[in-house]
Amino acid sequence: CVSGRKKYSMSKVITSPVQRWAGTVTIADPLTLPQAAIIEDAISGYEPTEGNVKIISLRINDEKQLPAIFACVEKWELANFPESVTLETFPASPRAASHNLVSWIFQEIIKVYFGEAEIPNE
């Protein structure tokens, strides 16, 4: 019986580099298997093409990554940000700042997912 055992949780607090939304975001650490599945869905290759030219869409990238972000973020403490954060309330403009925020949070989640890489001195 595992009742009475403490739940294992060590969240990771990260500080926003996006000036428009200063503050912190708390992400789960460690991640659960359901969170891992959503992350893997987000990193699976979707590369729209037109002829031989890849089309880069910030919106498509963000829409793929946001479900993983929503699944892994425990707390949003960002200035000028919605109190309840969903796909419908997540700010999509200004576009560059919004995409930078999504990209940064997702990369921080990826660091938790894969683990911090240790690079030996050569």
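The structure under discussion appears in the preceding block.
A brief report on the enclosed structure follows. Treat the numbers as computed from the prediction; the structure is a model and nothing was measured.

**Notes on the overall build of the chain**
And then number 1: From N to C terminus, the chain includes three helices and five strands.
And then number 2: Secondary structure elements in the chain, listed N-terminal to C-terminal, are β-β-α-β-β-α-β-α.
And then number 3: Among the 122 residues that make up the chain, the fraction classed as buried is 33%.
And then number 4: Partitioning the intrachain contacts of the chain with sequence separation of at least 6 by distance along the chain shows that 65% fall at a separation of at least 24.
And then number 5: On the chain, roughly 8,400 Å² of surface is accessible, and the fraction owed to carbon and sulfur atoms is 53%.

**Looking at the pairing of strand S2 (residues 23-27)**
And then number 1: Of all the five residues making up S2, four are buried; the element is thus mostly covered by neighbouring parts of the structure.
And then number 2: One ladder, built from four bridges, connects strand S1 (residues 12-15) with S2; its direction is antiparallel. Residue pairing for S2: Ile-14 is matched across the bridge by Val-25.
And then number 3: Sheet topology places S2 next to strand S5 (residues 73-78); five bridges connect them, and they run antiparallel. Counted as the bridge partner of Thr-26 is Lys-75 from S5.

**What to know about the pattern of salt bridges**
And then number 1: Per the stated rule, a full pass over the model turns up five salt bridges.
And then number 2: A salt bridge links Arg-59 to Glu-63; the nearest nitrogen and oxygen atoms lie 2.9 Å apart. Of the two residues, Arg-59 and Glu-63 both sit in helix H2 (residues 58-72), four residues apart, roughly one turn of that helix.
And then number 3: Several salt bridges converge on common partners, so that one network encompasses Lys-12, Glu-108 and Lys-111.

The rules behind these values
- Residues numbered from 1 in each chain as written.
- Predicted model: local features only at pLDDT ≥ 70, side-chain atom pairs only at ≥ 80, totals over all residues.
- Heavy atoms only, no water.
- Helix = DSSP H or I, 4+ residues; strand = E, 2+ residues; numbered from the N terminus.
- Buried < 20%, exposed > 50% of the residue type's maximum accessible area, 1.4 Å probe, protein only.
- Contact = heavy atoms within 4.5 Å.
- Areas by Shrake-Rupley, 256 points an atom, 1.4 Å probe, with all protein chains shown as cover.
- Pairing = 2+ DSSP bridges.
- Salt bridge = Lys/Arg side-chain N within 4 Å of Asp/Glu carboxyl O.

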